[in-house]
Every structure is written in C-alpha cells, then in structure tokens.
Amino acid sequence: MTDYQLKAAPGPETVIIEGLVKTFDHGRVRAVDGVDLRVPTGHVVALVGPSGSGKSTVLRCINGLEIPSEGSVWVDGRLLTAKSSDLDAVREEVGMVFQNFNLFQHLTVLENVTLAQRIVRKRPKAEAERVAREQLERVGIPEKADSSPGDLSGGQQQRVAIARSLAMNPKLMLFDEPTSALDPEMIKEVLDVMLELAVGGMTMVVVTHEMGFARAAANQLVVMDHGRIVEQGIPAEIFDSPREERTRQFFDKVLHH
Amino acid sequence: MPITGGAPEVERTTLVPPMSERFRASARDFPYWLLAIAGILGWMVFLIVTDEKYRTAFDRILPGLGTTISATVVGFGLALFFGLLAGLGRISKNVFVRNIAITYIEFIRGVPILVLIFTVAFVVVPQLSGALGFSNSSVTPFTRAVSALAIIYGAYLAEVFRAGIESVPKGQTEAGRALGMTSGQTMRRIVLPQAIRNMTPAIGNDLIAMLKDSSLLSVLGVRELTQQGRLYASSSFQFRPTYLVLTFFYLSMTLILSLLLRWYRSRLGLAND
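About the criteria used
Residues numbered from 1 in each chain as written. Chains lettered and ligands numbered in written order. Predicted model: local features only at pLDDT ≥ 70, side-chain atom pairs only at ≥ 80, totals over all residues. Heavy atoms only, no water. Helix = DSSP H or I, 4+ residues; strand = E, 2+ residues; numbered from the N terminus. Rg over C-alpha atoms; globule rule 2.2 N^0.38 Å. Contact = heavy atoms within 4.5 Å. Buried area = accessible area lost by both parts, 1.4 Å probe. Salt bridge = Lys/Arg side-chain N within 4 Å of Asp/Glu carboxyl O. Polar contact = N/O pair within 3.5 Å; in protein donor to acceptor, adjacent residues only side chain to side chain. Nonpolar A, V, L, I, M, F, W, Y, C, P; charged D, E, K, R; others polar. Patch = residues over 30% accessible without salt bridge, like charges linked within 9 Å, V, L, I, M, F, W, Y side chains within 5 Å. Areas by Shrake-Rupley, 256 points an atom, 1.4 Å probe, with all protein chains shown as cover. Buried < 20%, exposed > 50% of the residue type's maximum accessible area, 1.4 Å probe, protein only. Core = buried A, V, L, I, M, F, W, Y, C linked by side-chain atoms within 4.5 Å. Phe/Tyr/Trp six-rings, centres within 6.5 Å; stacked < 30°, edge-to-face > 60°. Pairing = 2+ DSSP bridges. Axes fitted to C-alpha atoms, helices over the stretch in contact; angles between N-to-C directions. pLDDT = per-residue confidence, 0-100.

Next up on the list: the overall build of chain B. The helix and strand tally for chain B stands at 12 helices and 0 strands. In chain B, the succession of α and β elements from N to C terminus is α-α-α-α-α-α-α-α-α-α-α-α. The C-alpha atoms of chain B give 25 Å as radius of gyration, which overshoots the globular expectation for 273 residues (19 Å, by more than 25%). Projecting the C-alpha coordinates of chain B onto the three principal axes gives extents of approximately 90 × 70 × 30 Å.

See below:
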C-alpha cells in the first residue's frame, strides 16, 4: 500500500472496499476482519451493528482517518494509500460528519463553513461566504451564521457540520453516528436533513443506530458484528426477515425496547 | 428538632439566605491579600516620597528599569518562538525530531537557572562564535543574558505548548483533516488558535517568572534593576533603602501583570485561585 497508483476502480461505484482488515494495538485487536463492500454512486448504505462491531472503523478507513492494515479502498476510482498527498486528495472529495459534531470552537458558524473552502478549494472570500450561506439555508439555520458554535443546540451544531461538509461539494458523505450524541427531540431535525440529501442523490455511507432512518433512506443495509459483515441487502427485507441468527439477536436488542 | 417542623424551616433558609449569611459569603471572597499588598506598596511609596535616602536609592535604581523590561520582552518573545518549536517537536511523530526536543527540554530542566546563565554566557556563546565565525568579544553581556533567558524559558514554554496543543480535542484535528486540510494547515488554523487561548494563563505565569528571573542577569554585569541596586548599595552602604526600593519595583510590576492575568482568566470564565 505504499506506492501511488491511480488505476480505474473495478466498477461504477463511488466506494469499493476489498479485503479490509484493520488491527489496533500491534495486531492484538482486529477491529475490522475482512470486509468487502461496494457503494454504487448515488446510493445510501447504512452500516448497523452492536457497538464495537467495527462499523465506525470501516467508515474511517474510507477517508483515511484510519489507514487499513490490509486490503484496498478505492474512492471515486482512486486507491487510498498511506501517502499524505493521496489522503488529502481523497478527503477533498469526501465529506464527514462526526458523532460529536467537531465544529471549530474558536470560529463562528459562517467561518466554520468557509475555512476549508478558502484553504483547500482556494475560493475567494465572497464566493466562500455565498456558498456557506446557501448551505446553511439548505440545512435550515441561515440565521445562525454569526453565532458561536457553543451557543447552538446539538441538533443545530450537527446541521452546521453537515453544511460545512456540503460546502466542499463532496462526491461522497460519511456519517459516523450523527445522532447518537443528540437529545431525542433534536434527532429528527438532523435525520430530515440527511433524508433530503439522500433523496437528492448524494452517495452516503451512514453508521447509525436509527433503524427507522436506515429503513426509510438506505438502498442497502449492512449488518456488522465482530469486524465482519453478517448480512447485507435491501433494508426492508432484512428488517422483516433476517436470514442470520446474529442479525435477529441485534434487532431484538435495538427494536424491542 | 422535631421531624415535622424540619421541612418548612429548611425551605425558608435556602430560598432567601439571611442578611448575615450573605455578608459572611462576601466577606469570605473579599481579596484581603490585594489590600495587604497594596498597603505594603503604599507604605513603600510613602517612604520614597518622604525620605531622602529612599528617594536617592529610587533615583539610582530607576535607570535599570528599561533594561529589565527590554530583557524580559525580548527574551520572552524569543522564548515563545523556541517553546513553540520545541513543543511541536515534542509531539512530533518523527522519532529524531521528538528526541531532539526532549533532550533540549530535559537538559534545561535539569540544571539551575543561575548555572545555565553562566553556561550560556561562557560556554555556548564562545563555542558558537568559533563555529559560526563571529568574534566572541563582540557579543555584549545583554545579548548573552537575553539568549540565556530565551533558551531556558523556551524549554519551560515547550511543555506549556505541548499541554496546550494536547488540550484541544482530537476531533478538531480529525474534522480539519477530513475537510482535506493538510496537517500543517490544521495545526495553524484550527489547533493552535484554540491551544493558545487555553495556554494564556500558563504563559502569563511564565512571563511573571521571567520578569523576576531577569534579576539573575546581574551576575553577568547587565545593568538591570538588581545590578543598579547592588552597585548603589555597595558604594553607599544604604542596604536597607536599596533593597526595599528594589522589592518595590519588582512587586509593583508583578502585581500589575498578575492582576491583568486574573482579569483575563475571569473574562475566559476560568476560576482564579
């Protein structure tokens, strides 16, 4: 995985993952243990599973926040390697939304959305601000442009984080448990924004515990456990009749409370 | 007390604390220490204004004030630069860079400041002059002294920078990197601005410490406040007025800095004491 390759991905997919293994602690912990996954362009893939099943690690390998121990990841036809110029190039095209929002605390909402546009995309200030205001409008909080992130509710912060990613015109959006840190009454406002993105044709990979969202928005449901994919397919079919015992056990825990 | 009568009793006292209780609370929080120090400084001013001996000592020490302040300002500016470099080196993933930084920090922290000032003035500067081809005698005591302070405080500040950078949550870096910013851009635009805000109280403490340690430069004959005082005391034998006035100079300066720092901390919403 050290030499730089720019070869065509073997398919019309935005993300192709082959034989992904990620170990931590010098190989003692196998967080991801042989995952193959394809995300067709324009599709929404929901990754679900018990905590510690490796779904977040798979997601973080897609934009190189974690470097795979084995296997290959292609994003938009480009093979991800440990080389930092490759990583930066891939990350420019991939947006990511975190569980804890990770808004830049020392900047205003508007500055949060313009910073990377100006530094990475080299957009002039006026253009970056115009794009930022468009995206804030899109996520429904244009009036918060001059606020500080600390003065926003969790739901509002997460919507700013989505706007910040969208302003970079990503080809792919990754969501890492985007509603897990939110109070119940704020989950819907974030899911609504995500649903709208999905309907608009954005390619998305979503790690989530919101089974209702997975059922409504995902083209493909991937159930993981112990670093492996247990089952994948059309969400409604898996929810209604899971083929695997482990899938059934997981649904029992998350759906029947 | 009977159990039935307890509840309303408690309620009344917690809702509106009686006058005496509120007075006691504000009496607890009153800064008596500030009053005491202001009183001591006031007494010193009184002596300087009314007593000829103290006034003379004041007049003889005063010319050192500019040197003390410029040594502190220049030395601290350089120390911030060294501290940032060493602090970044300290957390570098590069084994070589990290160990260079740790060697520097541990070396400085393992030797007394007074010894280091002599070492820089009489070992480091002559060695460098040989290696870099400038004349050793062309380096003034002031330059030697300020270099020493900068090198010493650079090591102390390196740890402040390291702690400050590590105080910024990892998610901030990840968000920057995920947006396609390089690690340098993320450090400059996202991590450092937040780290420096967290570090300001610690940096302020080191600035106060350096102002006081600048008195050690007198051992190199630099004519800052302490050296002026020593020269005057040994020629006039007016030890009592000299050292009292010298104390006055340092205490008034550190008090001003300390109050500024407290004001800044409370503006950030951090607790004092």
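Of the residues lining the interface, 21 residues belong to chain A; the matching set on chain B comes to 17 residues. When chain A packs against chain B, close to 1700 Å² is buried across both sides, 61% of that on carbon and sulfur atoms. If you sort the residues of chain A by the area they bury against chain B, A:Phe104, A:His106 and A:Ile119 come out on top, with a joint share of 32%. Summed over the shared surface of chain A and chain B, the result is 2 salt bridges. For the pair chain A and chain B, the interface holds 6 residue pairs in polar contact (both at pLDDT 80 or more). Among the secondary structure elements, those contributing two or more residues to the side of chain A that touches chain B are helix H2 (84–93), strand E6 (94–97), helix H3 (109–119) and helix H5 (154–166) of chain A. Broken down by class, the residue content of the side of chain A that touches chain B amounts to 11 nonpolar, 5 polar and 5 charged.

What follows covers the side chain of A:Gln156. Residues and elements named next belong to chain A. By the element assignment, Gln156 lies in helix H5. At a separation of 3.0 Å, a polar atom in the side chain of Gln156 contacts the main-chain amide nitrogen of Ser153. Leaving out residues up to four positions away in the same chain, Gln156 has contacts with Ile141, Lys144 and Glu189.

Turning next to a nonpolar patch on the surface. All names here are of chain B. A surface patch of nonpolar side chains, amounting to about 750 Å² of accessible area, comprises Leu114, Phe118, Phe122, Val123, Val124, Leu128, Leu132, Phe134 and Val219. For Leu128, the position within the fold is in helix H7 (residues 113–132). Take Leu128: its relative accessible area is 40%, and that puts it in the partly exposed class.

Residues and elements named next belong to chain A. One finds Ile162, Phe175, Met194, Met204 and Leu221 to be the most contacted residues of the largest nonpolar core, which totals 48 residues. Element by element, the count of residues in this core is highest for helix H6 (residues 184–199), at 8 residues. Those residues in contact with Phe175 that lie beyond four places of it in its chain are Leu59, Val97, Ile162, Met194, Leu197, Met204, Val205, Val206 and Val207.

The description of two aromatic rings rests on the distance between their centres and on the angle between their planes. Across all of its chains, the model carries 9 aromatic pairs over all chains by this definition. Where B:Phe58 meets B:Phe249, the ring centres are 5.1 Å apart and the plane angle is 15°; that geometry is what we call stacked. Here B:Phe58, found in helix H4 (residues 52–61), pairs with B:Phe249, found in helix H12 (residues 239–267); they are 191 residues apart in sequence, far enough to count as distant. We note that B:Phe58, like B:Phe249, is buried. Residues B:Tyr153 and B:Tyr156 carry aromatic rings whose centres are separated by 5.3 Å and whose planes lie at 85° to one another, so their mutual orientation is edge-to-face. Of this pair, B:Tyr153 and B:Tyr156 both sit in helix H8 (residues 141–166), 3 residues apart, roughly one helical turn. By relative accessible area, which is 2% here, B:Tyr153 ends up buried. Among the aromatic side chains, those forming a connected cluster through ring pairs are A:Phe239, A:Phe250 and A:Phe251.

The next point concerns the sheet that holds strand E7 (residues 172–176) of chain A. All names here are of chain A. Taken together, 6 strands build an open sheet; the order of strands is E6-E7-E8-E3-E9-E10 and the sheet is mixed. The strands lining the two open edges of the sheet, one partner per strand, are E6 and strand E10 (228–233). Going from strand to strand, the sheet's axes swing by 15° on average, the running direction of each strand aside. Here 4 bridges tie E7 to strand E8 (residues 204–207), and the two strands are oriented parallel to one another. Each bridged residue has a counterpart across the sheet, and for Leu174 the counterpart in E8 is Val205. Across the sheet, helix H1 (residues 55–62) is in contact with strand E3 (44–48), E6, E7, E8 and strand E9 (220–225); its angle to E7 comes to roughly 150°. Here helix H9 (residues 245–255) sits on the sheet and contacts E3, E9 and E10; the angle it forms with E9, its principal contact strand, is near 95°.

All names here are of chain A. With respect to topology, 4 strands assemble into an open sheet ordered E2-E1-E4-E5, the strand pairing being antiparallel. Across the chains shown, the open sheet's two edge strands, defined by having one partner strand only, are strand E2 (29–40) and strand E5 (78–79). Inspection of the sheet shows strand E1 (residues 13–24) paired to E2 by 9 bridges, in the antiparallel sense. Looking across to E2, one finds that Ile17 is bridged to Leu37. Running at roughly 120° to E1, H1 makes contact with E1, E2 and strand E4 (70–75) of the sheet.

Moving on, we come to the confidence of the model for chain B. Residue and element names in this part refer to chain B. The share of residues in chain B with pLDDT of 70 or more is 92%, and the mean pLDDT across the chain is 87. Segment residues 1–12 is flagged for pLDDT under 50; beyond a separation of four residues in sequence, or across chains, it makes 2 contacts in the model. Reported confidences for the modelled complex are a pTM of 0.79 and an ipTM of 0.89.

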